Amino acid sequence: MPPSVRFITVGSLKESYLREAVAEYRKRLSGMCRVEEVELKESRLPDDPSESEIKTALANEAKAILAAVPPRAYPVALCVEGVKLSSPELTKKLEAVCNASDSLCFIIGSSFGLDPSVKAAAKLRLSVSDLTFPHQLMRVILYEAVYRCYQIDKGTKYHK
């Protein structure tokens, strides 16, 4: 598995229980890899934004996201149209990435998603579910999924 994992997220975790969950998985992962989190500012939008305002906000967020992706990283964008993989399938994919890249870089957009330029730059577009989750909760789910992959790779009983 890759020695370094970076999580690029747009927006901050407002709820303490979500911050605590992410901190727990970050702590667990830190024994297996170098974990970095880059938390970017979400664009301010009115309560009922127009399509044009959303596109502009996503384009602005995309510049910051793409600037935060390390040069030799393998970027993975979380998006609804991405591929769905089981935990063992994701583990195999990440193991293969280890041979081609120094690090993994997971990207979670704002509540309006990701700009097409970020999706185009990603080497993998990943969808976790057909269900819709708040992007803040998705951060916890992603941390757990990555932790699970490392556990599968190590052959532990965490994954049943």
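For every chain, the first residue of its written sequence is number 1, and the numbers climb from 1 along that sequence. Totals for whole chains, interfaces and linings use all residues, but because this is a predicted model, local features are given only for residues with pLDDT of at least 70 and pairs of side-chain atoms are given and counted only at 80 or more. Neither water nor hydrogens contribute to the side-chain values; these are computed over all heavy atoms in the structure.

### Points about the overall build of the protein chain
Part 1 of the reasoning: Helix and strand definitions here come from DSSP, where helices need a minimum of 4 consecutive H or I residues and strands a minimum of 2 consecutive E residues; each element is numbered from the N-terminal end. Within the protein chain, the regular secondary structure consists of five helices and five strands.
Part 2 of the reasoning: Counting from the amino terminus, the protein chain carries its helices and strands in the arrangement β-α-β-α-β-α-β-α-β-α.
Part 3 of the reasoning: Computation of the radius of gyration draws on C-alpha atoms alone. For the globule rule, the value is 2.2 Å times the number of residues to the power 0.38. Relative to the compact-globule value of 15 Å for 160 residues, the protein chain shows a C-alpha radius of gyration of 15 Å, a close match.
Part 4 of the reasoning: Looking at the protein chain residue by residue over its 160 residues, the buried ones come to 44%.
Part 5 of the reasoning: Whether two residues are in contact is decided by their heavy atoms: any pair within 4.5 Å suffices. Across the protein chain, contacts joining residues at least 24 apart in sequence account for 86% of those joining residues at least 6 apart. The buried label applies to any residue whose accessible area, calculated with a 1.4 Å probe on protein chains only, is under 20% of its type's maximum; exposed applies above 50%, and partly exposed to all values in between.

### Description of the sheet that holds strand β4 (residues 103-108)
Part 1 of the reasoning: With parallel pairing, the five strands of this open sheet are ordered in space as β2-β1-β4-β3-β5. Where the open sheet ends on each side, the last strands, each with one partner, are β2 (34-40) and β5 (124-126). Strand after strand, the sheet turns through a mean of 25 degrees between neighbouring axes, direction not considered.
Part 2 of the reasoning: We treat two strands as partners when DSSP finds at least two bridges between them. Examined bridge by bridge, strand β1 (residues 4-10) and β2 share seven bridges and lie parallel to one another. Directly across from Val5, in β2, lies its bridge partner Val35.
Part 3 of the reasoning: Lines fitted to the C-alpha atoms define the axes, with helices restricted to the stretch that makes contact. Angles between their N-to-C directions range from 0 to 180 degrees. Where helix α5 (residues 135-154) meets the sheet, it contacts β1, β2, β3 (73-83) and β4, and its direction lies at approximately 170 degrees from that of β1.

Any link to function would need more than the numbers given here.
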